[in-house]
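As a plain string of letters, each chain reads:
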Amino acid sequence: MDYLVNLSRLDPDPALDARMAQAGVTIRRALAPEARLVTDWVADTFGNGWASETAVALTRQPPTVFIATRERRLVGFACHEAIARGFFGPTGVEADARGLGIGHALLLASLFDLKAMGYGYAIIGDVGPSAFYEKTVNAMPIPDSAPGIYAGMLPLQG
C-alpha cells in the first residue's frame, strides 16, 4: 500500500539534527562522482532493485539521493523521484547504524527537498514499516493503492 504525506505540515526537527551531530552522522545530497560507490553499496546492502532506483535518482540534476555518512563511510541512503515524480523511496540504513534516527533524518531531507521542488504532497510507495511513517511524518494510507506503481514488475534477481 502507498502512503501520502502532507508536506505543508512538515517542520524541521532541531533535536534530530543535534542527535545526528552527536552521533557523528552527516546527512547530505550524494555527489555525481560517488554514483558508482553509492549504487554498489545499495546493491550489496539492499539488492539490485533498490540500486536501480538509486541509479535513476542519481541522474537527476541535482541528484535526488541523500546519503548518511559516519566516519567518512556510507551508512544509509534515501531517494525520491526515482520510480515516479513525487514519490519517496527507496531508503535504507545498514543494520549496525539503525536506532540512531538516521532513517528519520534521511526521510526529512528527502521530503523537504520535494517540498522545495514545489510538491504539496509526497507519496511513499509500497510502504514497509507503516508505523514508522505514520509516527514520524503523519503519513496516511492511500485507499486502493495496492498493488500500486510496482504492479507487474519483473522478478528481480539478486
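Rules used in this analysis
- Residues numbered from 1 in each chain as written.
- Predicted model: local features only at pLDDT ≥ 70, side-chain atom pairs only at ≥ 80, totals over all residues.
- Heavy atoms only, no water.
- Helix = DSSP H or I, 4+ residues; strand = E, 2+ residues; numbered from the N terminus.
- Buried < 20%, exposed > 50% of the residue type's maximum accessible area, 1.4 Å probe, protein only.
- Contact = heavy atoms within 4.5 Å.
- Areas by Shrake-Rupley, 256 points an atom, 1.4 Å probe, with all protein chains shown as cover.
- Lys, Arg positive; Asp, Glu negative; His and termini not counted.
- Charge placed at Lys NZ, Arg CZ, Asp CG, Glu CD.
- Phe/Tyr/Trp six-rings, centres within 6.5 Å; stacked < 30°, edge-to-face > 60°.
- Core = buried A, V, L, I, M, F, W, Y, C linked by side-chain atoms within 4.5 Å.
- 1 Å grid on protein atoms, 1.4 Å probe; cavity = no way out; pocket = protein on both sides within 12 Å on 5 of 7 lines; lining within 4 Å.
- Points joined across faces, edges and corners; volume = space filled by probe spheres on them.
- Pairing = 2+ DSSP bridges.
- Expected span 1.5 Å × (residues − 1).
- Arc of directions from axis to C-beta.

A. Region of interest: the overall build of the protein. Scanning the protein from N- to C-terminus turns up five helices and seven strands. Listing the helices and strands of the protein from first to last along the sequence gives β-α-β-α-α-β-β-β-α-β-α-β. Each principal axis of the C-alpha distribution contributes one length, and for the protein these read about 45 × 35 × 30 Å. A total of 158 residues make up the protein; the buried ones form 44% of that total. Residue pairs in contact within the protein that sit at least 24 positions apart in sequence constitute 71% of those at least 6 positions apart. Accessible surface, the protein: about 8,600 Å² in total, of which carbon and sulfur atoms supply 54%. Charge separation in the protein, taken as the distance between the mean sites of 13 positive and 16 negative side-chain charges, equals 5 Å.

B. Representation of the packing of aromatic side chains within the structure. Taken as a whole and judged by the stated rule, the model has seven aromatic pairs. Ring geometry for F46 against F77: centres 5.7 Å apart, planes inclined by 50°, an arrangement best described as tilted. One end of the pair, F46, is in helix α2 (residues 35-46); the other, F77, is in strand β4 (residues 73-80), with 31 residues separating them in the sequence. For F46, a relative accessible area of 23% translates into the label partly exposed.

C. Looking closely at the nonpolar core. Ranked by size, the top nonpolar core spans 29 residues in total, and within it V5, I102, L111, I124 and V137 carry the most contacts. Counting residues per element, this core draws most heavily on helix α4 (residues 102-116), at eight residues. Formed by 13 residues, the second largest nonpolar core is a distinct cluster that contains A30, V42, L58 and L74.

D. Fine view of the layout of surface pockets. What the largest pocket holds in volume is close to 640 Å³. Contributions of two or more residues to the lining of the largest pocket are made by α3 (48-59), β5 (87-93), α4 and α5 (130-137). Roughly 210 Å³ of internal volume is contained in the second largest pocket. As for the second largest pocket, its lining consists of N6, R9, L10, D11, D13, H104, L108, Y121, T136, V137, N138 and M140.

E. Structural detail: the pairing of strand β1 (residues 3-6). Note that β1 and strand β6 (residues 121-124) share four bridges and pair antiparallel. Directly across from Y3, in β6, lies its bridge partner I124. Both β1 and strand β7 (residues 140-141) contribute to a ladder of two bridges, which runs antiparallel. Each residue of the ladder has a partner; that of L4, found in β7, is M140.

F. α2, seen in detail. The first and last C-alpha atoms of α2 sit 16 Å apart over 12 residues, in line with the 16 Å expected at 1.5 Å per residue. Every buried residue of α2 is listed here: V38, T39, W41 and V42. Buried residues in α2, looked at end-on, bunch into an arc of 160°, giving them a common side. Facing away from the buried side of α2, by more than 90 degrees, are the exposed residues R36, L37 and D44. Residues of α2 that are buried sit in contact with α3, β3 (65-70), β4 and β5. Directly beyond the C-terminal end of α2, a positive phi value near 110° is found at G47.

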